[in-house]
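# A look at the structure
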Amino acid sequence: MFPESLIIDIATPVTAALENFVAQSGDGFKEASKHVLGVLLLLESALRGAPWWLVILVIAALVFALTRRFAPTVTLAAATFLLGVLGLWDAAMQTLALMIAALIVAVIVGLPLGVLLARHNRLRAFTLPVLDAMQTLPSFVYLVPALLLFGLGKVPALLATVIYALPPIIRLTDLGLRHADPDAVEAADAFGATPTQKLFWVELPLALPSILAGLNQACMMALSMVVVAAMIGARGLGEQVLLGIQRLDTGRALVAGLGIVVLAILLDRLTQATVRAVSAGSK
Amino acid sequence: MSGPPISLSGITVLYGPKPAAAWPRVQAMAREGASIAAIRTATGHVPGLLDATLDLPAGSLCVVMGLSGSGKSTLLRCINRLVTPFAGRVQVGEVDVTALDVAALRAFRRTSAAMVFQHFGLLPRRSALENVAFPLRIAGKPPAAAHDAARAVLARLGLDAVAGEPVEALSAGMKQRVGLARALVTDAPVLLMDEPFGALDPITRRAVQDELKGLQRDLRKTVVVITHDPHEALRLADFIAVVREGRVVQSGAPDALMRAPADDHVAALLAAAQT
């Protein structure tokens, strides 16, 4: 047995500090959460309110624009149609809205962070372990404080999804910038580019395939959070899985799970097609 | 308009954690003629260049020759200060490059010294035209004017046909021609070329070398070409400098070097060129 006298109690002060923090600034967070919720709801109502054929048409057009091939276009349009056939259309649109919102936030936060990391070795050495922790820490651990701060609902669900989706974007932005052709980067300097010009004209375009690969991974990470997100009030496909589990309704859980897989395939193919369209011809 | 003379005097580049602290020791060892390896072991600092002094004549095609690790690329980068020398002075025409502040240095690079790279350094997904227009665009020229100027340079090099092609679809020889066009578009009187033919096959190499010589007859820029290939040096040069162990061993007209090589190293390099 480990001696009692050596045990340091961290749990009690952490709980106390958090409760204190919530009491003092909880209202501010709830206020901020309302704005985020507004944007998220707008996206959701757009996707849910749009006629089903329009959504399929937009997805098909997007795939065709990226691949210029009919086979993937038809396959992905059919996959989207399948979501409706499975009776999951509304839930799938809710989940899709959450995914898109999470990815937008992850890119807005992750891209600049990745650029910073590529510039500063020390910041990178300090941040990479934090990113590892973000991906390995069981999500319930940070969901509890998030719940206390934001209340039950879509906003903490978004936060949980973003925390999970963020690391690959940061990592692959950093990687892409570090592996940018040194001659091209030096050429920008040699022709008198400012650091900002160098970043936007040369470094980010060279890193773009890597950044998009990060976005693809982020999609997959985000989708793995769908069920957890449902537990704290994001509805959608995750809720269907949860309902299935709670009622021991195997069929319902399976069908909803299938819906998540279809959504995953959809997002994966879309982002991969973007990667390929951007790096076309470089092989 | 002929290019300006370039003068490097007492250039030292020192890589390591505390160059200022190591400098007196490095200087003392350098005066005794110590090798770079010896200085590295003794001080923990690697001198890229050691008290290198070189005067390049105005408007000539100068070749800086040396083996790998001799410091020749570092020397080239001191001219537009991609590498900032620890000690010494670089003078391009009337401009003291070592004394320029950030803004003045940027202006100098935009207007006075263009550069060509061994592995081209082009933007792969952009068209040849956009790549050539790049130096003008970052200097603030509006797109239409920049593209017109780029089109004119491409036409001069016979590259009209590939102007719209993405660079990654071009052959190595074409890529380097685009790289050369990009360096000519700013009308900079100094052209710095870092092993520009190193990545080309022998036949293309010869063709691009001839094109450079042809262009130089009209342009009379001060061209500095880095190479480790003695054949190339003798083919191109109006003026040759030999760099070894971070120092300029000898410089002068090719036949002057042939007649009186300063040491065995120079003699061996020139002999290699004639076989």
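Scroll up a little and you will see the structure.
This section reports on the structure supplied with the text. Model, not experiment: these values are computed from the prediction.

### As for the overall build of chain B
Each helix and strand counted, chain B has 11 helices and 10 strands in total. For chain B, the C-alpha radius of gyration of 19 Å lies close to 19 Å, the compact-globule estimate for 275 residues. Overall, chain B is about 55 × 45 × 35 Å in size when its C-alpha atoms are taken along their principal axes. Counting over 275 residues, chain B shows a buried share of 53%. Nonlocal contacts in chain B, meaning residues at least 24 apart in sequence, comprise 72% of its contacts between residues at least 6 apart. When the accessible surface of chain B is summed, it comes to about 11,300 Å², and 54% of that surface belongs to carbon and sulfur atoms. Measuring between centres, the 30 positive side-chain charges of chain B sit 5 Å from its 25 negative side-chain charges.

### Points about the interface of chain A and chain B
Counting residues at the interface gives 25 residues for chain A, matched by 26 residues for chain B. For the chain A and chain B pair, buried surface summed over both sides reaches about 2,100 Å², with 60% attributable to carbon and sulfur atoms. Counting across the chain A and chain B interface gives 1 salt bridge. Arg77(B) is the partner of Glu186(A) in a salt bridge, and the nearest nitrogen-oxygen pair spans 2.5 Å. Our count for the contact surface shared by chain A and chain B stands at 7 residue pairs in polar contact (both at pLDDT 80 or more). Within the residue set of the side of chain A that touches chain B, elements represented by two or more residues are helix H8 (182-190) and helix H9 (195-223) of chain A. Here the side of chain A that touches chain B gets 8 residues from one element, more than from any other, and that element is H9(A).

### Observations concerning helix H11 (residues 237-246) of chain A
Residue and element names in this part refer to chain A. Burial analysis of H11 places 7 of its 10 residues in the buried class, the great majority of the element. All of the buried residues in H11 are Leu-237, Gly-238, Gln-240, Val-241, Leu-242, Leu-243 and Gly-244. Contact partners of the buried residues in H11: helix H4 (89-119), helix H10 (226-231) and helix H12 (250-278). Of the residues one or two after H11, Leu-248 is the one with positive phi, at around 50 degrees.

### Digging into the side chain of Glu232(B)
All names here are of chain B. Relative to the elements of secondary structure, Glu-232 occurs in helix H9 (residues 230-236). Of the side chains bearing the opposite charge, Arg-205 lies closest to the buried Glu-232, which forms no salt bridge; the N-O distance is 4.5 Å. If we ignore the near neighbours within four places in the chain, the residues touching Glu-232 are Phe-197, Arg-205, Gln-209 and Thr-227.

### Considerations on the sheet that holds strand E3 (residues 61-65) of chain B
Residues and elements named next belong to chain B. The strand order across the open sheet formed by 6 strands is E6-E7-E8-E3-E9-E10, and the pairing between neighbours is mixed. Only two strands of the sheet have a single partner each, and these edge strands are strand E6 (113-116) and strand E10 (247-252). On average, each strand axis in the sheet is tilted by 20 degrees relative to the strand beside it, whichever way the strands run.

### Considering the pattern of salt bridges
Residues and elements named next belong to chain A. Evaluated as defined, the whole model comprises 22 salt bridges over all chains. The salt bridge partner of Arg-124 is Asp-174, with a shortest N-O separation of 2.7 Å. Of this pair, Arg-124 sits in helix H5 (residues 121-136) while Asp-174 sits in helix H7 (residues 154-178), and the two are 50 residues apart along the sequence. Here Arg-124 falls in the partly exposed class, since its relative accessible area comes to 25%.

### Quick notes on the nonpolar core
Considering soluble globular proteins, one finds that nonpolar side chains tend to be buried as a cluster. Residues and elements named next belong to chain A. Leu-98, Met-99, Leu-223, Leu-237 and Leu-263 are the most contacted members of the largest nonpolar core, which totals 60 residues. Of the residues forming this core, the biggest block, 13 residues, is contributed by H4. The residues touching Leu-223, leaving out its near neighbours within four places in the chain, are Met-99, Ile-260, Leu-263, Ala-264 and Leu-267.

### A short note on the pairing of strand E8 (residues 222-227) of chain B
Residues and elements named next belong to chain B. Burial within E8 is extensive, with 6 of its 6 residues counted as buried. Residues of E8 alternate between two faces, with Thr-222, Val-224 and Ile-226 on one and Val-223, Val-225 and Thr-227 on the opposite face, all of them buried. Taken together, the 5 bridges between E3 and E8 define a ladder with parallel strand orientation. Note on E8: the bridge partner recorded for Val-64 is Ile-226. In this structure, strand E7 (residues 190-194) lies alongside E8, joined through 5 bridges in parallel fashion. Looking at the pairing, Val-190 lines up with Thr-222 of E8. Handedness of the crossover joining E7 and E8 through helix H8 (residues 202-219) is recorded here as right-handed.

### Here we look at the sheet that holds strand E4 (residues 87-92) of chain B
Sheet strands pair by backbone hydrogen bonding; their relative direction is either parallel or antiparallel. Residue and element names in this part refer to chain B. In space, the 4 strands of this open sheet follow the order E2-E1-E4-E5, with antiparallel pairing throughout. Single-partner strands in this sheet number two, and they are strand E2 (46-56) and strand E5 (95-96). Direction of pairing for strand E1 (residues 6-15) relative to E2: antiparallel, over a ladder of 7 bridges. Each residue of the ladder has a partner; that of Val-13, found in E2, is Leu-49.

### Details of the packing of H4(A) against H7(A)
All names here are of chain A. The geometry of H4 relative to H7 is characterised by a closest axis approach of 6 Å and an angle of 40 degrees between their N-to-C directions. By the criterion of interaxial angle, the relationship of H4 to H7 is oblique. In the crossing of H4 with H7, the sense of the turn from one axis to the other is right-handed. For the contact of H4 with H7, the class distribution of residues is 20 nonpolar, 5 polar and 3 charged.

So, how was this worked out
Residues numbered from 1 in each chain as written. Chains lettered and ligands numbered in written order. Predicted model: local features only at pLDDT ≥ 70, side-chain atom pairs only at ≥ 80, totals over all residues. Heavy atoms only, no water. Helix = DSSP H or I, 4+ residues; strand = E, 2+ residues; numbered from the N terminus. Rg over C-alpha atoms; globule rule 2.2 N^0.38 Å. Buried < 20%, exposed > 50% of the residue type's maximum accessible area, 1.4 Å probe, protein only. Contact = heavy atoms within 4.5 Å. Areas by Shrake-Rupley, 256 points an atom, 1.4 Å probe, with all protein chains shown as cover. Lys, Arg positive; Asp, Glu negative; His and termini not counted. Charge placed at Lys NZ, Arg CZ, Asp CG, Glu CD. Buried area = accessible area lost by both parts, 1.4 Å probe. Salt bridge = Lys/Arg side-chain N within 4 Å of Asp/Glu carboxyl O. Polar contact = N/O pair within 3.5 Å; in protein donor to acceptor, adjacent residues only side chain to side chain. Pairing = 2+ DSSP bridges. Axes fitted to C-alpha atoms, helices over the stretch in contact; angles between N-to-C directions. Core = buried A, V, L, I, M, F, W, Y, C linked by side-chain atoms within 4.5 Å. Right-handed = clockwise from strand over helix to strand, strands pointing away. Parallel < 35°, antiparallel > 145°, perpendicular 65-115°, else oblique. Left-handed = near helix turned anticlockwise from the far one by under 90°. Nonpolar A, V, L, I, M, F, W, Y, C, P; charged D, E, K, R; others polar.

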